[in-house]
Structure formats: C-alpha cells, structure tokens
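So the chains spell out like this:
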Amino acid sequence: MTDRSVQIKKLEQIGIHASEGVEQCGEESYFQELEQFVRGQEFLRLGQAVTRGQWPAAMMAMRRIGQTMERLKMQSMKKFLPQLQNAFARKNTAQAKNVLALLTQRRVQIIRILAEEQNPAGD
C-alpha cells in the first residue's frame, strides 16, 4: 500500500481537499474515484457538447461533473462551474472552451500528482 500523504499534501496545495475526501470514503476508494474522474469521459462529453452547440447536453454534463467535484472535495475546480454556466446561458462557445481549457490544466496537474507517487524514481 502506498503512502499517500505526499499526494494529499500536494492536492491540498492546489485546492483539492483530499484529506476530507479520504476521511469521508476511505483512502483507496477516494484516490480510485479521483483518478477515474480526472481521466474520465465526462469531460470529453462536455467538450463535445460545447463544440456542437448542444447546450442542454452540456448543462447536464456540467451538473454531473459538479456533483462529482462536490463529492471529491474539488473546490478549486468547482469554482469554474459558474463561469461555464454563464457561457452556456449566452451560448458562447469560445468562452466555454476557455473555461474547459482551465479545467483541463487542473486535471493534468492532478494526474501528474497521482502519477508521481506511483513512479517515485521518475522525474
């Protein structure tokens, strides 16, 4: 079993309240769900809906993403959702894509943090 304390500390530094999530659902369960979420298809579906101008589908995907972010204590990412909702309300594809790019940057940060401890000799 991996010591996840370094990962928890790094996630906390970027606004992911991992220690709360671990307390709530257990360490392995939390990290498994976090990794599945940041690598998952929901963001792809959201991006496709935005690109195609399918605003109701984009809104539904955003709600599902928001619920998962809430469960995983991802406050730093959740703060982007009102901006995304505003872009949907205005049917502003460019603004929505900009917000999605910010979410993608944060997802990449999380993926790197999760990968660091799995390959401690790398870097």
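Residues numbered from 1 in each chain as written. Predicted model: local features only at pLDDT ≥ 70, side-chain atom pairs only at ≥ 80, totals over all residues. Heavy atoms only, no water.

## Focus: the packing of aromatic side chains
Considering all chains together, one arrives at three aromatic pairs under this definition. Seen in terms of ring centroids, F37 and F43 are 5.1 Å apart; in terms of plane orientation they differ by 55°. Their pairing is tilted. Each member of the pair F37 and F43 is classed as buried. Consider the rings of W55 and F88, whose centres lie 5.7 Å apart with planes at 50°: the pair is tilted. A residue pair is termed long-range when its members are at least 10 positions apart, and W55 in helix 5 (residues 55-71) and F88 in helix 7 (residues 81-89) qualify at 33 residues. (Phe/Tyr/Trp six-rings, centres within 6.5 Å; stacked < 30°, edge-to-face > 60°. Buried < 20%, exposed > 50% of the residue type's maximum accessible area, 1.4 Å probe, protein only. Helix = DSSP H or I, 4+ residues; strand = E, 2+ residues; numbered from the N terminus.)

## Concerning the packing of helix 5 against helix 7
Two numbers describe how helix 5 lies on helix 7: the axes approach to 10 Å, and their chain directions differ by 170°. Taken together, the axes of helix 5 and helix 7 are roughly antiparallel relative to one another. Counted together, W55, A58, M59, M62, G66 and M69 of helix 5 and L81, L84, Q85 and F88 of helix 7 form the full contact between these two elements. Of the residues assigned to the contact of helix 5 with helix 7, the class counts are eight nonpolar, two polar and no charged. (Axes fitted to C-alpha atoms, helices over the stretch in contact; angles between N-to-C directions. Parallel < 35°, antiparallel > 145°, perpendicular 65-115°, else oblique. Contact = heavy atoms within 4.5 Å. Nonpolar A, V, L, I, M, F, W, Y, C, P; charged D, E, K, R; others polar.)

## Points about unusual backbone geometry
Despite not being glycine, K73 shows a phi value in the positive range, around 60°. With respect to the helices and strands, K73 occurs in the loop between helix 5 and helix 6 (75-78). The phi torsion at K91 lies on the positive side, around 55°, for a residue other than glycine. Overall, K91 belongs to the exposed group, its relative accessible area being 56%.

## Here we look at the pattern of salt bridges
When the charged atoms of two side chains lie near each other, side chains of opposite charge can form a pair. Per the counting criterion, the structure on display carries seven salt bridges. Among the ionic pairs, E116 bridges to K10, the shortest N-O distance being 2.3 Å. You can see E116 sitting in helix 8 (residues 93-118) and its partner K10 sitting in helix 1 (residues 5-13), a full 106 residues away along the chain. A relative accessible area of 29% places E116 in the partly exposed class. Across the pair K78 and E70 runs a salt bridge whose closest N-O atoms are separated by 2.8 Å. For K78, a relative accessible area of 30% gives the class partly exposed. Salt bridges sharing common partners tie together E42, R45 and R64. (Salt bridge = Lys/Arg side-chain N within 4 Å of Asp/Glu carboxyl O.)

## Examining the environment of F80
Mapped onto the elements, F80 comes out in the loop between helix 6 and helix 7. The buried category is assigned to F80, whose relative accessible area is 10%. Through-space distance from the C-alpha of F80 to that of V99 is 6.8 Å; in sequence the pair is 19 residues apart. With near-sequence residues (within four places) excluded, F80 lies in contact with V99, L102 and L103.

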